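# Breakdown of the fold
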Amino acid sequence: MRLLIATHNRGKLIEYQAMFADVPVELVTLDEVGIRDDVEETGVTLAENARLKALTYARASGLLTLADDSGLEVDALGGEPGVRSKRYAGDNTSDAERNAFLLAKLRDVPAEQRTARFRCAIAIATPDGKLWETDGTCEGEIAFDARGTNGFGYDPIFHVTARGVRMAELATAEKNRVSHRARAAEKARRILVEIVESKREA
């Protein structure tokens, strides 16, 4: 069975390949199935965006589709950037530019007030509109500088409280156990196993 991972992001695909390694599905990306257009993320929550992408791409591809939306919530910024995490510093900005923008906004915020969390919402959809949803959270705080190279997005400035290091300093295997996406994906993995087994029995 093929599973469309609704992303053009190779880093995200690699993470899912590791997390779903024991599930008998072939992971393919939007590029691999010839879908170039992006679904406009008009939802006001991460879950709404994940649901919108999963249902749209499942219909367009005819494949079982997994889509996610992740966001960083910073308490000192009232929960920003949230659903706007990717576009927080403007459209078409790099990870480094977004990190620098966020650090600048927190320049005068002391360490004890820099609490934050990553959230991930995952939706799995069939071409005929059946839907499953999961979510995951990773608590931490925003550091004062960027550090680490194993990750993407805000990983270099996100200090994982439970591990005492930046998300971008975690080895891939460790990140795939503790990250927000890993926690949501573990629930999704169990759903995928059930879907595969039901297909075999049909």
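Residues numbered from 1 in each chain as written. Predicted model: local features only at pLDDT ≥ 70, side-chain atom pairs only at ≥ 80, totals over all residues. Heavy atoms only, no water.

## Quick look at the sheet that holds strand 5 (residues 131–142)
Strands in a sheet are paired, the pairing made by backbone hydrogen bonds, and the direction either parallel or antiparallel. What counts is decided by this rule: Here, strands pair whenever DSSP counts at least two bridges between them. Helix and strand assignments follow DSSP, with helices taken as H or I runs no shorter than four residues and strands as E runs no shorter than two, numbered in order from the N terminus. We call two residues contacting when some pair of their heavy atoms lies within 4.5 Å. Axis definition: a line fitted to C-alpha atoms, limited for helices to the stretch in contact. Angles are taken between N-to-C directions and run from 0 to 180 degrees.
Within the open sheet, the seven strands sit side by side as 2-1-3-4-5-6-7. Their pairing is mixed. The sheet is open, and its two borders are formed by strand 2 (26–29) and strand 7 (165–166), each paired with just one other strand. In this sheet, strand 3 (residues 64–74) lies alongside strand 1 (residues 2–5) in parallel orientation, the contact comprising three bridges. Its bridge partner lying in strand 3, Leu4 is registered against Thr65. Where helix 1 (residues 10–19) meets the sheet, its contacts fall on strand 1, strand 2, strand 3 and strand 4 (115–125), and the angle it forms with strand 2 comes to roughly 170 degrees. On the sheet, helix 2 (residues 46–61) packs against strand 1, strand 3, strand 4 and strand 5 and is oriented at approximately 160 degrees with respect to strand 3.

## As for the nonpolar core
For clarity, the threshold we go by: Remark: nonpolar core denotes a set of buried residues (Ala, Val, Leu, Ile, Met, Phe, Trp, Tyr, Cys) joined through side-chain atoms within 4.5 Å. The buried label goes to any residue with under 20% of its type's maximum accessible area, the exposed label to any with over 50%, and the partly exposed label to all in between, with areas taken from a 1.4 Å probe on protein chains only.
Membership of the largest hydrophobic core comes to 22 residues, with the highest contact counts inside it found for Leu3, Tyr16, Phe20, Leu66, Ile122 and Ile124. The set of elements that each furnish at least two residues to this core consists of strand 1, helix 1, strand 3, strand 4 and helix 5 (180–201). Take this core: its biggest share by element is eight residues, from helix 5. Aside from chain neighbours lying at most four places away, what touches Tyr16 is Ile5, Leu27, Leu66, Asp68, Ile122, Arg181 and Ala185. Membership of the second largest hydrophobic core comes to 19 residues, among which are Leu77, Val109, Cys138 and Ile157.

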